[in-house]
2 protein chains.
Amino acid sequence: MQVATIKDVADAAGVSFKTVSRVVNGEKSVGPELRERVEQAIRDLGYKPTLAARQLAGQRSFIIGLIVPRLGISYIARMMIALATATRQAGYHLMTEVLDHDENHLSLSGKVDFSARPDCVMLTPPFSNDPRLVAHFEADGIAVVRIATVIEGHGLPIHVDEEPITVELMRHLIALGHRRIGLIGPPLPVRASEMRVSGYRKAMEEAGLPIDPDLMLRGDFSFASGVNGATAMLALPDRPTAIFATGDEMAAGVLAQAHKLGYRVPDDLAVAGFDDSPVSRMVFPALTTVYQPVQDIAQAAVDAAVHGRLPTAPFAYELRIRGSTSGDRQHCLDPYRF
Amino acid sequence: MQVATIKDVADAAGVSFKTVSRVVNGEKSVGPELRERVEQAIRDLGYKPTLAARQLAGQRSFIIGLIVPRLGISYIARMMIALATATRQAGYHLMTEVLDHDENHLSLSGKVDFSARPDCVMLTPPFSNDPRLVAHFEADGIAVVRIATVIEGHGLPIHVDEEPITVELMRHLIALGHRRIGLIGPPLPVRASEMRVSGYRKAMEEAGLPIDPDLMLRGDFSFASGVNGATAMLALPDRPTAIFATGDEMAAGVLAQAHKLGYRVPDDLAVAGFDDSPVSRMVFPALTTVYQPVQDIAQAAVDAAVHGRLPTAPFAYELRIRGSTSGDRQHCLDPYRF
DNA sequence: TTGTATGCGTTATCAA
DNA sequence: TTGATAACGCATACAA
């Protein structure tokens, strides 16, 4: 015999298969005696309900779709692992689709396959901020969870507020005596991470420091754009003594360029990033950065996907002060946990 | 009306739904005229066959399972993206499960859910080298693809041969004049990456260089183990002038410790890694390393999963010589593509 | 080449 | 509280 079906369980327990179905689905209209017999039979036969049949007969598929960009920064990889774990814990299955970063919603139908009929689709940045994508799914009656977004609109938005922690990070730099602090921000002023820019502004104003447009550049989260940003700013007559890049990969680019030019970090130039990505710990000196509560965010996203419940409390970001600003020469040896 | 079913298409095309089924499955026993009518109707209604129904009625599920470790080094993340892409191109769906690194096969049944009935399961390292895991799945009649393995046994092994490219890397170091070359290897002598160790030995012997046990340490692929290995070797009376770590994260640890101790890289100490991971490009100087043809490997794995076909030609590894051995101070600015 | 009947394993509806 | 029966959307065998 292959795998046990609901009928096998019913026969073994001496009940109708509908009763087994009730037990499996946790319905309480089952007598304690029968319930016990059924549960025993389920254990004995190692019965697991077939997903496809449940999906066909019921209205749920127990599948959650996940759409991620191909050009994955490590933040996405961490999110994928965390979402896979949270999905499983909720008794659901994760089906991952990769979408090219620059593809629009028109090419979507050909790429993303709805034949699995997920109960819900989760969108990571940058897709979580694309209203057209959301509309595309909702037109098919599929709920959409938008992970780490700041914009309103349809779907189930998992809002994040990165401004307070960014202000904290900036205060740290300012407390160290930096007055000219460069910023390498996200690509466009519409992204979720734009709050990292507003946090920068807020802290500068709070400290009574002038905001110099020359010190505010934009990158694309890549190492290369960090290098380029640093190159430009360090060539200024009145160069910054600290640079805050809104992503660790960019910050690593700043650090590398500083090394190449012979600057000592942090004595000549302090560098700070954002994300607490693996690379932030592997460069030398290790990068001061902001820890993203990826697991909490993933948990909230799955909760929204399964129960339609939105998170109530804000997520707990944490400042990680390391050598690239403090001058502490210790390595960060904590194992990187996803 | 919700989503179009096969019957809707049949009605629209004025044929029986079985004919539609034939067209969808690419059977050729359909007249050209009817075929055209059916295809038109499919386009008009935007029909996509429901996965669950195909799975229930047929014998295939069109689902491929993927099991990855939680403690993900970037190699795994890249593999996940590549596998998701290749799976989609093959018309299949990828269902990802995260397994804790140290879990044994006994706890497996509770963690990995078979209710999706995947046609095949793909295992990445380190799971791809666990015979018990393979047996576990095959007992359920599920084919198993073992990605990047060197051991024989059941399932569909996607063999990799990393020895030749490792020899090439070592020759590069030796050609630079290094005679005492340290090795920080994989955890146990049973892993796939053990070929990186044999490549080290082979190249040393080939060059007539002595193999000093003091210069052969083992790590666990983590940054921390690279730091520790470097610390130990650089404290030797006759310290190495070059260190080859069999993973980029470990190599980054070596590099960081070298910086901390004030060694110039590569003048005082050359460092080489393996994987061409993102971090290898973001440290300074950039790490000399070996590019892994992740996309090719992923393609082969999916091919094995879908058609049971094993790759014939070896995979094309590539040496990436960068500043950590050559002294070239240019950054690697290529966008990192998954 | 085309169409019809049957069943896959489960949930939903209704009756007992 | 239980159970019989009909779907769900499709593939498979078999018939036309």
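The structure displayed is predicted, hence computed values, not measured ones. (Residues numbered from 1 in each chain as written. Chains lettered and ligands numbered in written order. Predicted model: local features only at pLDDT ≥ 70, side-chain atom pairs only at ≥ 80, totals over all residues. Heavy atoms only, no water.)

On to the protein's contact with DNA strand C, then. Inspection of the region around DNA strand C gives 28 residues, with Ile6, Ala57 and Gln59 of chain A together with Thr19 and Gly31 of chain B positioned closest. What you see for DNA strand C is that sugar and phosphate hold 63% of its atoms within 4 Å of the protein. Ile6 of chain A places a main-chain nitrogen or oxygen 2.5 Å from a phosphate oxygen of DNA strand C. Within the contact set of DNA strand C, a phosphate oxygen lies 2.3 Å away from a backbone nitrogen or oxygen of Gly31 of chain B. Elements represented by at least two residues in the surface near DNA strand C include exactly α2 (17-24) and α4 (51-57) of chain A together with α2 (17-24) and α4 (51-57) of chain B. For the surface near DNA strand C, the residue count by class is 13 nonpolar, 10 polar and 5 charged. (Near = heavy atom within 4 Å. Polar contact = N/O pair within 3.5 Å; in protein donor to acceptor, adjacent residues only side chain to side chain. Helix = DSSP H or I, 4+ residues; strand = E, 2+ residues; numbered from the N terminus. Nonpolar A, V, L, I, M, F, W, Y, C, P; charged D, E, K, R; others polar.)

Moving on, we get to the sheet that holds strand β8 (residues 242-245) of chain A. Within a sheet, each strand pairs with its neighbour through backbone hydrogen bonds, oriented either parallel or antiparallel. Residues and elements named next belong to chain A. If you walk across this open sheet you meet the 4 strands as β7-β6-β8-β9, and the pairing is parallel. Two strands bound the open sheet, and with one partner strand each, they are β7 (216-218) and β9 (270-272). When the angles between neighbouring strand axes are averaged without regard to direction, this sheet yields 15 degrees. Direction of pairing for β8 relative to β9: parallel, over a ladder of 3 bridges. Looking at β9, one finds that Phe244 is bridged to Ala272. Of the strands in this sheet, β6 (181-185), β8 and β9 are in contact with helix α8 (residues 163-175), which crosses β8 at around 165 degrees. Relative to the sheet, helix α11 (residues 248-260) contacts β6, β8 and β9, its axis offset from that of β9 by approximately 165 degrees. (Pairing = 2+ DSSP bridges. Axes fitted to C-alpha atoms, helices over the stretch in contact; angles between N-to-C directions. Contact = heavy atoms within 4.5 Å.)

The next subject is the relation of the copies chain A and chain B. For the pair of chain copies, the relating transformation is a rotation about an axis with a translation along it. Mapping chain A onto chain B calls for a screw motion: a turn of 180 degrees about the axis and a shift of 0.0 Å along it, with 0.1 Å RMSD after fitting. The operation mapping one copy onto its partner corresponds to a two-fold rotation axis. When the interface residues of chain A are mapped onto chain B, 100% of them are again interface residues, pointing to one common binding face. (Least-squares fit on C-alpha atoms with pLDDT ≥ 70 in both.)

Let us look at the packing of aromatic side chains. Counted by the stated rule, this structure contains 4 aromatic pairs over all chains. Considering the side-chain rings of Phe274 of chain B and Tyr317 of chain B, the 6.5 Å spacing of their centres and the 55 degrees angle between planes classify their relative orientation as tilted. In this pair, Phe274 of chain B is assigned in the loop between β9 (270-272) and α12 (278-282) and Tyr317 of chain B in the loop between α13 (294-307) and β11 (318-320), connecting sequence segments 43 residues apart. The buried category is assigned to Tyr317 of chain B, whose relative accessible area is 11%. The positively charged end of Lys7 of chain A is found above the aromatic ring belonging to Phe17 of chain A, 6.0 Å away from the centroid. Here Arg196 of chain B stacks its cationic end above the ring of Phe274 of chain B, 3.8 Å away from the centre of that ring. (Phe/Tyr/Trp six-rings, centres within 6.5 Å; stacked < 30°, edge-to-face > 60°. Buried < 20%, exposed > 50% of the residue type's maximum accessible area, 1.4 Å probe, protein only. Lys NZ or Arg CZ within 6 Å of the ring centre and 35° of its normal.)

All names here are of chain B. Along the chain, the position of Glu162 falls in the loop between β5 (156-159) and α8 (163-175). Residue classification places Glu162 among the buried positions, given a relative accessible area of 4%. Sequence-wise, Glu162 and Met233 are 71 residues apart; in three dimensions their C-alpha atoms are separated by 25 Å. Among the polar contacts made by the side chain of Glu162, one reaches the side chain of Tyr317 at a distance of 3.4 Å.

Before going further, it helps to examine the sheet that holds strand β7 (residues 216-218) of chain B. All names here are of chain B. In spatial order, the strands read β7-β6-β8-β9; together these 4 strands make up an open sheet with parallel pairing. The outermost strands of the open sheet, each flanked by one partner alone, are β7 and β9. Adjacent strand axes in the sheet meet at a mean angle of 15 degrees when their direction is disregarded. Taken together, the 4 bridges between strand β6 (residues 181-185) and strand β8 (residues 242-245) define a ladder with parallel strand orientation. The residue of β8 that forms the bridge with Leu183 is Phe244. In the packing of α8 onto the sheet, contacts are made with β6, β8 and β9, and the angle to β8 comes to roughly 165 degrees. Each of β6, β7 and β8 is contacted by helix α10 (residues 223-234), which is oriented at about 150 degrees to β6, the strand it contacts most.

Taken together, 28 residues sit near DNA strand D, with Thr19 and Arg22 of chain A together with Ile6, Lys18 and Tyr47 of chain B positioned nearest. Sugar and phosphate atoms constitute 65% of the interface atoms of DNA strand D, taking the interface as everything within 4 Å of the protein. Here Gly31 of chain A contributes a backbone N or O atom positioned 2.7 Å from a phosphate oxygen of DNA strand D. In this structure, a phosphate oxygen belonging to DNA strand D sits 3.1 Å away from a side-chain N or O atom of Gln59 of chain B. Of all elements in the fold, only α2 and α4 of chain A together with α2 and α4 of chain B reach the threshold of two or more residues within the surface near DNA strand D.

Bringing the domain arrangement of chain A into the picture now. Interface extent is often summarised as the accessible area lost during association of the parts. Parsing chain A into structural domains produces domain 1 (6-58), domain 2 (63-158) and domain 3 (163-287 + 322-326). On a C-alpha basis, the centroid separation for the pair domain 1 of chain A and domain 3 of chain A is 58 Å. (Domains from an automatic or database assignment.)

Within the element layout of this structure, Gln295 of chain B appears in helix α13. Considered as a pair, Gln295 of chain B and Ala82 of chain B are 213 residues apart in the sequence and their alpha carbons are 5.5 Å apart.

We now examine the nonpolar core. Residues Met122 and Val145 of chain A together with Met122 and Val145 of chain B are the most contacted members of the largest nonpolar core, which totals 166 residues. Among residues more than four places away in sequence, those in contact with Val145 of chain A are Cys120, Val121, Met122, Leu123, Leu156, Ile158, Ala301, Ala304 and Ala305 of chain A. (Core = buried A, V, L, I, M, F, W, Y, C linked by side-chain atoms within 4.5 Å.)

Our focus in this paragraph is the environment of Gly208 of chain B. Take Gly208 of chain B: it is sitting in the loop between α9 (194-206) and β7. On the basis of relative accessible area, Gly208 of chain B is assigned to the exposed category, the value being 56%.

A word on the interface of chain A and chain B. Across the contact, 56 residues belong to chain A and 56 residues belong to chain B. At the boundary of chain A with chain B, total buried surface from both sides reaches about 5400 Å², with 61% on carbon and sulfur atoms. Among the residues of chain A in contact with chain B, Arg70, Lys260 and Met282 of chain A are the three that bury the most area, contributing 12% of the side total. Where chain A touches chain B, the interface holds 2 salt bridges. Of the charged contacts in the structure, one is a salt bridge between Arg88 of chain B and Glu97 of chain A, with a shortest N-O distance of 2.6 Å. Summed over the shared surface of chain A and chain B, the result is 14 residue pairs in polar contact (both at pLDDT 80 or more). The set of elements that each furnish at least two residues to the side of chain A that touches chain B consists of α4, β1 (63-69), α5 (74-89), β2 (93-99), α6 (108-111), α10 (223-234), α11 and α12 (278-282) of chain A. By residue class, the composition of the side of chain A that touches chain B is 31 nonpolar, 12 polar and 13 charged. (Buried area = accessible area lost by both parts, 1.4 Å probe. Salt bridge = Lys/Arg side-chain N within 4 Å of Asp/Glu carboxyl O.)

Residue and element names in this part refer to chain A. Within β6, 5 of the 5 residues are buried, which leaves the element mostly enclosed by the surrounding structure. Side-chain alternation along β6 places Ile181, Leu183 and Gly185 on one buried face and Gly182 and Ile184 on a second face that is also buried. Relative to β7, β6 is paired through 3 bridges, and the arrangement is parallel. Opposite Leu183, over in β7, you have Met216 as the bridge partner.

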